[in-house]
Amino acid sequence: MERVLLTAPAPAPAAPLAAAPVTTSSRLRPDARLTTPGDGELRITGPQSTLTLRQLPLGVRPELALLATGWQDLDALGARVVAADGMRALLRLRLAVGRLDEEGLLEHAVLSGESELARLSPVGRGRTVLGPAPLAGRPVKLSRFALAQVGGGRLTLAAPGSHLTVTLCPEASALLGVLADWTTPEAAGERLALAGTDATLRLLHAAGLLAPGAPGQDLEDTALPAAQWAPAELWLHARSRNPRTVAGYGGTYPGRDHFAPLPAAPPARGTRRVALPVPDLAAIARTDPSLTEVLESRRSVREHDAAAPLTDVQLGELLYRTARCRQTFTGGDGQELADRPYPSGGAVHELEVYPLVTACAGIEPGLWHYRTDRHELEHVAQPGPATAALVHGAREGALMTDDPQVVLLVAARFGRVMWKYETVAYPLLLKHVGVFYQTVYLVGAAMGLAVCGLGGGDAADFAAATGLDPLAEGGVGELVVGSRPARLRHPFAVPPLTAGAPSAGAPSAGHGAAPHAGAFAAEERP
C-alpha cells in the first residue's frame with residue numbers, strides 16, 4: 001500500500017535577517033508530495049507531473065526525502081551521501097536532483113542563515129534549473145516587463161512567458177529600486193549592503209527578469225520585436241497564450257469555491273420598461289440578401305440620416321436578431337447557460353447591451369438596457385452629463401460630424417466568465433465582443449442600417465452613467481448605429497481630415513484630452 005511519507009510545509013514568515021552565512025538551498029515545491037510506493041522507490045507528485053525514482057542507493061533515499069521537509073544545502077546532502085555510499089552514490093543523487101529540476105518539482109532559495117532572502121518557484125510546467133549568475137562587472141537591469149505582486153508580506157516577481165517566479169523578502173525587495181537602471185552586481189551589493197545580492201540576481205536571471213542589452217543598448221526599448229510591446233499588452237498575450245507558464249488554464253472553475261454562478265440574465269432594475277416589436281423572422285428570411293451579398297457590401301458607415309432617424313421597429317429587429325436570448329439551460333457544472341445568435345465560449349454569454357439613444361422614433365432619448373430574456377428595454381438614465389460624455393466619445397471615435405442616433409454600449413458581467421475560466425477569462429470575453437460586432441455588422445448591412453464599430457471607449461464614463469460597479473459589470477465595446485442616408489457624403493469610409501484638424505493620436509477638443517478618435521475607429525475599406 002502506498003503511504004504518504006512527507007509533504008513540503010508552507011513557507012514560514014521570515015525572521016529578521018542577521019549576520020549569517022548566505023547559502024543557496026533547495027526543497028520540493030510546497031504543492032508536491034513524496035511517497036514510498038515500495039521496493040525502495042520514491043515517488044514525487046506535483047500539480048503538473050509525477051516522477052518515480054527507482055533503485056536508489058540506501059544512502060541517497062533518506063537524503064532526497066529531506067527535500068520534502070524544508071530547505072536543504074545540496075552540497076551538504078552530497079557530502080553525507082559520499083560518506084555513506086561513496087562517489088558513485090553522489091552521481092545518483094545529482095542525477096535524481098537534476099530530474100526533479102527538469103520536472104519543475106524543486107524550489108531554490110537564497111538563505112541568510114535560516115531566513116529567506118529570495119526564492120525561485122515554478123508556477124507552470126518547465127524546468128527550475130538555476131543556470132549561471134550574471135557575470136561580475138557586467139551591467140544588469142530589471143526588465144521593463146517585470147510584474148510585482150504583493151502577498152504574504154512579500155513581493156513576487158514574474159516575467160511574461162516565464163513559468164518561474166521570484167519571491168523577495170522585504171530587505172531584498174530594495175534590490176528592485178537599484179535595478180531600475182543599469183548597474184553591476186558589485187555596485188548593487190555595495191549600495192544595499194546586503195549579502196547574497198549575487199545569488200539573488202542569479203534567481204532573477206533564471207526567471208527571465210533581467211533585461212537584455214547594456215547601457216545605451218537597451219534591447220527591450222530599442223530593438224524589435226520587444227520594443228513594440230507595452231507591458232500590459234504583452235502580459236495579456238503571454239498569460240492567455242502560454243498555458244505552460246500559469247498554474248491554471250481554461251475551465252478550472254476558479255470562482256466555484258468563492259461565489260455561486262451568476263444567472264444568465266441580470267436582475268430586473270425595477271424601472272419603467274418599453275416592449276420592443278418582435279420581427280417576423282420567416283418574412284425576413286424570404287427577403288434578406290444572401291450571406292455573400294451582405295459580406296461583400298458590409299462597411300462602416302459614419303453618417304446618419306437626420307431627416308429619417310432610426311425607429312423602434314428597426315432597433316428592435318436589430319437587437320432581436322443579434323442579442324436576444326433564444327433559450328436557457330443548465331450545464332453539467334450547475335451554471336445557467338444561454339443560447340444567443342452569436343457564439344460564446346461555454347455558452348456563458350456574459351455580454352449585455354445598453355442602447356444610448358439620442359434620436360430614435362418611438363423611444364425617448366436616454367440610456368436603456370436591453371433585456372435579452374424579454375426583448376424589451378428598461379430605463380437606466382435620463383440624458384445628462386454622464387450620458388453626454390458617452391455620446392461625445394462615440395461621436396469622436398466614429399469621426400462623425402453629428403451625434404450618433406444610437407450608441408450600442410456593450411458591457412460584460414465578468415463573473416459569468418471568471419466563475420469558470422482561469423487565465424483566459426478576459427481574452428475570451430474580448431473574442432465574444434468581436435463576434436458580436438460582426439453579427440451586428442452583418443445584420444445591420446442586411447437591414448440597410450449604418451453601423452460603425454469602435455476600437456476603444458471609456459469604462460469610467462460607462463460606470464458613471466449606469467451606476468454599476470466596474471469590477472462587476474464594465475464597458476468592453478461600443479457600436480454606433482443609425483439610419484443610413486441614401487447618398488453618403490464621403491465616397492470612402494473614413495472622412496478625410498480637414499486642414500487644421502488634429503492628426504491621429506493628437507489631443508482633440510471636447511471631452512477632456514482624449515486622443516483623436518481616428519486612433520480608435522474600426523477597420524474600414526471603400
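Since the structure is predicted, the reported quantities are computational estimates derived from the model, not experimental observations. (Residues numbered from 1 in each chain as written. Predicted model: local features only at pLDDT ≥ 70, side-chain atom pairs only at ≥ 80, totals over all residues. Heavy atoms only, no water.)

**Side note on the layout of surface pockets**
Next, step 1: Computed from the structure, the largest pocket encloses a volume of approximately 490 Å³.
Next, step 2: Taken together, 25 residues line the largest pocket, and the ones lying closest to its centre are Val123, Gln149, Thr156, Ala158 and Thr165.
Next, step 3: With four residues, strand β8 (residues 147-151) is the single largest residue contributor to the lining of the largest pocket.
Next, step 4: A class-by-class count of the residues in the lining of the largest pocket yields ten nonpolar, eleven polar and four charged. (1 Å grid on protein atoms, 1.4 Å probe; cavity = no way out; pocket = protein on both sides within 12 Å on 5 of 7 lines; lining within 4 Å. Points joined across faces, edges and corners; volume = space filled by probe spheres on them. Helix = DSSP H or I, 4+ residues; strand = E, 2+ residues; numbered from the N terminus. Nonpolar A, V, L, I, M, F, W, Y, C, P; charged D, E, K, R; others polar.)

**Examining the sheet that holds β8**
Next, step 1: With antiparallel pairing, the six strands of this open sheet are ordered in space as β2-β6-β7-β10-β9-β8. Edge positions in the open sheet fall to β2 (22-28) and β8, since each of these has one partner strand only. Averaged over neighbouring strand pairs, the angle between their axes works out to 25° when direction is ignored.
Next, step 2: As paired strands, strand β6 (residues 106-112) and strand β7 (residues 115-122) are joined by five bridges and run antiparallel to one another. Looking at the pairing, Leu111 lines up with Glu116 of β7. (Pairing = 2+ DSSP bridges. Axes fitted to C-alpha atoms, helices over the stretch in contact; angles between N-to-C directions.)

**Some remarks on the nonpolar core**
Next, step 1: Core analysis: the biggest nonpolar cluster contains 39 residues, and Leu408 and Phe436 have the highest contact counts within it.
Next, step 2: Taken together, the elements giving at least two residues each to this core come down to α12 (312-322), β16 (351-357), β17 (366-371), β19 (406-413), α14 (414-418), α15 (425-447), β20 (449-454) and β21 (473-483).
Next, step 3: Top element by residues in this core is α15. It accounts for ten residues.
Next, step 4: Look past the residues within four positions of Leu408 in its chain and what remains in contact with it is Leu315, Leu318, Leu319, Val353, Tyr354, Pro355, Val440, Gly477, Glu478, Leu479 and Val481.
Next, step 5: Counting residues in hydrophobic clusters, the runner-up holds 27 residues, among them Leu130, Leu168, Val178 and Leu209. (Core = buried A, V, L, I, M, F, W, Y, C linked by side-chain atoms within 4.5 Å. Buried < 20%, exposed > 50% of the residue type's maximum accessible area, 1.4 Å probe, protein only. Contact = heavy atoms within 4.5 Å.)

**Remarks on a nonpolar patch on the surface**
Next, step 1: There is a patch of nonpolar side chains on the surface, built from Leu236, Met418, Tyr426 and Leu430 and spanning about 310 Å² of accessible area.
Next, step 2: With a relative accessible area of 33%, Tyr426 lands in the partly exposed category. (Patch = residues over 30% accessible without salt bridge, like charges linked within 9 Å, V, L, I, M, F, W, Y side chains within 5 Å. Areas by Shrake-Rupley, 256 points an atom, 1.4 Å probe, with all protein chains shown as cover. Salt bridge = Lys/Arg side-chain N within 4 Å of Asp/Glu carboxyl O.)

**Some remarks on the packing of α12 against α15**
Next, step 1: α15 packs onto α12 with a crossing angle of 135° between their chain directions and a minimal axis gap of 10 Å. Between α12 and α15, the crossing angle belongs to the class labelled oblique. Read as a crossing pair, α12 and α15 show a hand that is right-handed. Residues Gln314, Glu317, Leu318, Arg321 and Thr322 of α12 lie in contact with α15, whose contacting residues are Phe436, Thr439, Val440, Val443, Gly444, Ala446 and Met447.
Next, step 2: A breakdown of the residues in the contact of α12 with α15 according to their chemical character gives six nonpolar, four polar and two charged. (Parallel < 35°, antiparallel > 145°, perpendicular 65-115°, else oblique. Left-handed = near helix turned anticlockwise from the far one by under 90°.)

**Considerations on the confidence of the model for the protein chain**
Fine structural detail should not be taken from predicted coordinates in areas where pLDDT scores are low.
Next, step 1: Overall, the predicted model of the protein chain reaches an average pLDDT of 90, with 90% of residues at or above 70.
Next, step 2: Confidence over residues 1-18 falls short of pLDDT 50; this stretch has 47 contacts with residues more than four positions distant or in other chains.
Next, step 3: Counting contacts from residues 499-526, a segment whose pLDDT is below 50, to residues more than four positions away or on other chains yields 60 contacts. (pLDDT = per-residue confidence, 0-100.)

**Things to note about helix α2 (residues 74-85)**
Next, step 1: The end-to-end C-alpha distance of α2, which contains twelve residues, comes to 16 Å, matching closely the 16 Å that a straight helix rising 1.5 Å per residue would cover.
Next, step 2: Every buried residue of α2 is listed here: Leu77, Gly78 and Val81. Each buried residue of α2 lies within a common arc of 100° when the element is viewed along its axis, so the set occupies one face. In α2, the exposed residues that point more than 90 degrees away from the buried face are Asp75 and Ala83.
Next, step 3: Of the surrounding elements, those touching the buried residues of α2 are α1 (60-65) and α3 (87-102).
Next, step 4: Capping of α2 at its N-terminal end is provided by Asp73; its side-chain oxygen lies 2.9 Å from the backbone amide nitrogen of Asp75. (Expected span 1.5 Å × (residues − 1). Arc of directions from axis to C-beta. Polar contact = N/O pair within 3.5 Å; in protein donor to acceptor, adjacent residues only side chain to side chain.)

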